[in-house]
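What the coordinates show
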Amino acid sequence: MLLGQLADGMRAALAAGDIEAARIAHETIGRLLGAPGADAAGVIDLAAERSRRGG
């Protein structure tokens, strides 16, 4: 969801001519996609984590 919002913001910034904001959004997207250990599957399975912790 965050990546989609950043992409939408980048498109809006480009449409408005705000190249600096678009550049920052682009860089942030790249950093999020390249983050080490960014395993979305682990984040999605909250029920398994709660079960593992005894909750």
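Further up the page is the structure itself.
Residues numbered from 1 in each chain as written. Predicted model: local features only at pLDDT ≥ 70, side-chain atom pairs only at ≥ 80, totals over all residues. Heavy atoms only, no water.

1. Examining the overall build of the protein
Helix and strand counts for the protein stand at 4 helices and 0 strands. Ordering the α and β elements of the protein from the N terminus gives α-α-α-α. Surface summary for the protein: the accessible area is close to 4,400 Å², and the carbon and sulfur share equals 62%. (Helix = DSSP H or I, 4+ residues; strand = E, 2+ residues; numbered from the N terminus. Areas by Shrake-Rupley, 256 points an atom, 1.4 Å probe, with all protein chains shown as cover.)

2. So, the packing of helix α1 (residues 2-16) against helix α2 (residues 19-33)
Running from amino to carboxyl end, α1 crosses α2 at an angle of 160 degrees, the nearest separation of the two axes being 8 Å. Compared by their axis directions, α1 and α2 come out roughly antiparallel. For the element pair α1 and α2, the recorded crossing hand is left-handed. Contacts from Leu2, Leu3, Leu6, Ala7, Met10, Ala13 and Leu14 in α1 reach Ile19, Ala21, Ala22, Ala25, His26, Thr28, Ile29, Leu32 and Leu33 in α2. Among the residues making up the contact of α1 with α2, the classes are represented as 14 nonpolar, 2 polar and no charged. (Axes fitted to C-alpha atoms, helices over the stretch in contact; angles between N-to-C directions. Parallel < 35°, antiparallel > 145°, perpendicular 65-115°, else oblique. Left-handed = near helix turned anticlockwise from the far one by under 90°. Contact = heavy atoms within 4.5 Å. Nonpolar A, V, L, I, M, F, W, Y, C, P; charged D, E, K, R; others polar.)

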